[in-house]
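Each chain, letter by letter, is given below.
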Amino acid sequence: MDLDDDTAVLTTLKSFNSFISQSEPARASILTAGPPTLQGQYKRSLELLEAAEKFESKTRFLQLDQEKKQMELSHKKARVELEKVASDSTRELEHELDRSQELHWRIKRFEESEAEARRNLKEQQDHQRSLKKTLDNLNKRLEEREGRISTANQTISCLQDEIRELKLKLQGMDSTISSQGLEKEELQDKLLLQQRKYQELAQLCQSLQAAQSTCSEHVFKIKELERRLVLQEQDMSIVKTVKSEAAKVPELEKELKRLREENAFLRESRENCSLLKEEAQGLRRKLERADKTKEELLTLELDKEKLVAKLKAWENLGQSTGLSIKSPEDLFREVIQIQQREITLKEQNYALNSRLRGMERSQAELQSEACKQRACTVEEQRRREAQDSLLRRLQRRLLLLTKERDGMRGILESYDSELGATEYTPQLSRRVKEAEDLLQKTQSHNAEMEAQLTKAQEESGTFRLQLHTVEQELEELKRKQATATESRSTVSNEEVSILRQKIEDLEVERQRLEQRNSELEMQLEKGTLQGDFDQAKTKLLHFKMNPTAVAKQERQQEVDSLREEVTRLRELLRSMQESGAPDEGSVLGLSLSLPPSKEVLELRKQMESSELKNQRLKEVFQKKIQEFRTVCYVLTGYQIDITTANQYRLTSVYAEHMEDSLLFKKGSNGSMQLMETEFSKTLGEMVSLHLHHQKSIPAFLSAVTLDLFSKQTMV
Amino acid sequence: MTSTLKGITLKGSAEMVAEFFSFGINSILYQRGIYPPESFSRVTHYDMSLQLTTDSKLKNYLSDVVSQLKEWLFECTVQRLVLVITCLETNEVLERWQFDIECDKSAKESSVPREKSLKTIQDEIRSVIRQVTATVTFLPLLETPCAFDLLVYTDKDLVVPEKWEESGPQIISQSEEVPLRSFTTSIHKVSSMVAYKRADSV
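Residues numbered from 1 in each chain as written. Chains lettered and ligands numbered in written order. Predicted model: local features only at pLDDT ≥ 70, side-chain atom pairs only at ≥ 80, totals over all residues. Heavy atoms only, no water.

A. Layout of the pattern of salt bridges. Residues and elements named next belong to chain A. Using the criterion set out here, one finds 30 salt bridges over all chains in the structure. The shortest N-O distance in the salt bridge between K346 and E342 comes to 3.9 Å. Of this pair, K346 and E342 both sit in helix 3 (residues 328-418), separated by four residues, roughly a single helical turn. For K346, a relative accessible area of 42% gives the class partly exposed. (Salt bridge = Lys/Arg side-chain N within 4 Å of Asp/Glu carboxyl O. Helix = DSSP H or I, 4+ residues; strand = E, 2+ residues; numbered from the N terminus. Buried < 20%, exposed > 50% of the residue type's maximum accessible area, 1.4 Å probe, protein only.)

B. Up close: the interface of chain B and chain A. Opposite the 39 residues of chain B that make contact, chain A presents 25 residues. Between chain B and chain A, the buried area comes to about 3,000 Å², and carbon and sulfur atoms account for 56% of it. The largest contributions to the chain B side of the interface with chain A come from L88, K156 and E165 of chain B, which together make up 19% of the buried area. Summed over the shared surface of chain B and chain A, the number is one salt bridge. A salt bridge links R555 of chain A to E89 of chain B; its shortest N-O distance comes to 3.6 Å. Taken together, the connections running from chain B to chain A amount to 13 residue pairs in polar contact (both at pLDDT 80 or more). Every element with two or more residues in the side of chain B that touches chain A is listed here: helix 2 (56-75), strand 3 (78-87), strand 4 (93-103), strand 5 (146-155), strand 6 (164-166) and strand 7 (175-184) of chain B. With nine residues, strand 5 of chain B is the largest single contributor of residues to the side of chain B that touches chain A. In terms of residue class, the side of chain B that touches chain A is built from 18 nonpolar, eight polar and 13 charged. (Contact = heavy atoms within 4.5 Å. Buried area = accessible area lost by both parts, 1.4 Å probe. Polar contact = N/O pair within 3.5 Å; in protein donor to acceptor, adjacent residues only side chain to side chain. Nonpolar A, V, L, I, M, F, W, Y, C, P; charged D, E, K, R; others polar.)

C. Focus on helix 10 (residues 684-693) of chain A. Residue and element names in this part refer to chain A. When we look at burial in helix 10, the residues that qualify are M686, V687, H690 and L691. Seen from one end, helix 10 has its buried residues packed into an arc of 100°, which puts them on one side. Relative to its buried face, helix 10 has exposed residues pointing more than 90 degrees away, namely E685, H692 and H693. Each element contacted by the buried residues of helix 10 is listed here: strand 5 (672-675), helix 9 (678-682) and helix 11 (697-714). (Arc of directions from axis to C-beta.)

D. View of the nonpolar core. F20, F21, W97, F148 and L150 of chain B are the most contacted members of the largest nonpolar core, which totals 58 residues. Discounting chain neighbours no more than four positions away, the residues touching F21 of chain B are L69, L81, F99, I101 and V190 of chain B. Counting 15 residues, the second largest nonpolar core, distinct from the first, contains F679, L683, M686 and L708 of chain A. (Core = buried A, V, L, I, M, F, W, Y, C linked by side-chain atoms within 4.5 Å.)

E. Representation of a positive patch on the surface in the model. Residue and element names in this part refer to chain A. Among the surface-exposed residues, R285, K286, R289 and K292 lie close enough to one another that they form a single positively charged patch. Residue placement: R289 occurs in helix 2 (residues 38-321). With relative accessibility at 51%, the residue R289 sits in the exposed group. (Patch = residues over 30% accessible without salt bridge, like charges linked within 9 Å, V, L, I, M, F, W, Y side chains within 5 Å. Areas by Shrake-Rupley, 256 points an atom, 1.4 Å probe, with all protein chains shown as cover. Lys, Arg positive; Asp, Glu negative; His and termini not counted. Charge placed at Lys NZ, Arg CZ, Asp CG, Glu CD.)

Remember that the coordinates give geometry; whether it matters functionally is a separate question.
See the structure below:
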């Protein structure tokens, strides 16, 4: 392609060069043609240029055609190649598709195989699990079997141990049976002994009781005898005293006489005594009276001296006072005179006081009038001043007005002078009006200012008046105070004293109240210490079931129970007393009827428990005995009964008759001997054989049983 | 023991005071022989050995009263606790142990704990209990069987709980009063006093 292009380019170049060479000669020809004008040259050049341009365009066109063709060729080639490539690619695609399909098939086959393999795996796993399970089961069974075997072994061992133990127990039981048999025999012996002892004791008790009764009778007799003895002794003593007294009788008679004589003498002396006593009393009374009169005398003398002294003083009075007093009448007269003088002076005093007060009142009134007058004068002054000020204002106004008038006149004249060409009368009048308005305004303003001024001046005047009045009042008060202080000294001394007394009384009361207050506070404190409390603010609580209440309840219950017991005992006593004379039998009965004490209760309990034990032992013994006897009967074939002491009767199992029995006796040396019975007579041979020759009772007995057994079976 | 936090709160103070009352009442009962000495067991508290009763009824009674007291101390409504010993035969009051309680009510509004060391409070309580033990020397002997009761002086407007009832002040006639020491937790102040019947008037 490039080569084609190059060839195209070369061809065009060649053609161009050929053209140029053609043109050059043309040009040269053109040149030689002669010197055309510029325009013709210009046109020629233009034509040449156009031709060049055309040639160029043609060449370009050719080039482009060539290029186009080349391009088309290349396009075709490319297309062909592309088609090849496409076909190749399609082939490849088909190949690939085939491959892919093959691969897909393979994949599918592989997947199928995989699935199959998985299934196989699962089956294998299941199989394995099942095998494991079977293994486990087998293991478990094995273990179970082993366990069973071990347990069986253990049980075997246990059973063997048990067997041993049972054997041992059996042996023990046998031994215990034998020992218990022996014990039973011992106990039976003891029982017999106890019974004998009990009987002996009962007999002893009875004898004791009889002895006690005889003793008590003897004791009673002894007491009676003792009482008689005592009485006799008392009688003896009485007799002795009587004898001694009888010996004293004659002496007593002598004394009697003497005493009678003395009695008479004393009576006489008693009468004398009474007389003397009366005299003595009378004398004593006289003495007392005399003493009293003496004392009165003494007091009277003292009084007399006092009175004498007073008299002298009274008599001297006249000398001391300087008056002509010689008797109390003169004194009386003088006193009356003095009193009258006093009365007159007091009247004068009161009159003076009343005049003083009247004067003071008039003074006060005058002062008030003076104040008022002053106030009036002040007011007058103020008015004058106001009027003066008014005057001044009016004068000022006058001046102002005159000035205004002059001014207005001047203006008017000026306006008149100015009046020329034009008539400014309306304007003038307007101006005049304006001027008048202004004037009026100013005048009104003036008037207001003056009014304010007057108000201010009036206010100031009133203030001055007030000041004056206040000052006057102050002066009056000062004067009054001065007068009051002077008058107080005379009039209010009494008030002062009264007030002072009141103050003292109040102080005394205050102190008393303070003391009472302190005492009450002390009492309150003491009360709070002791436990009192303010009922308005506090209250007192305690637990309902407190220990004191509980203790009181218990105590009350105890007391009640004790009282009940006491009443019961008293009733018992009363019943006992009513029933008869007290003797020991009733005392015993009392003791029985009393409530049982603790010891008695305990003893009773012990007794009951011991009785229970005895009963149980008896039951057990009976059971065991019964068992033993049955076992013996079964095993040996003989029923052994004890008929009397040391005599034993054996009855065989296989005995033909009920009465067939063998009697054995236990001798003193401990050996058993067979006694004659009807049955034993029939067994003479065996007796001789076994007992006399072989000297074996068991052999004899076994021979007898065998014989009887054989008889029984044969029959 | 009470908490080891610094400062005393109202709750802690109420607990401490209630604990003191429990031990104090026990020691008074032991010292005066109201209950047999073998019914008491020794315990250690406040760094000293004290006696506590083992009788179950008494223990229950004391725990009821002390727990109610704790509530009232917390509400600051209790003014006084009195232990009264009465003779069972004559129903006379022989001794009165009085504990006045002053509560600082401002502690109810503010919950700021007060600064007072536990050790000083314990020392004060210990000295009070020791003094109680010492007073036994001059108190007259209680020869008759006696029982005791606990009275509580509270504010008038308090709601009376179920198991409690109002009672009289149970004052001793012709008594001698002996003031004892006091202790304070900076919120509650407890001052003690014992009053006994004069021996010559019995």
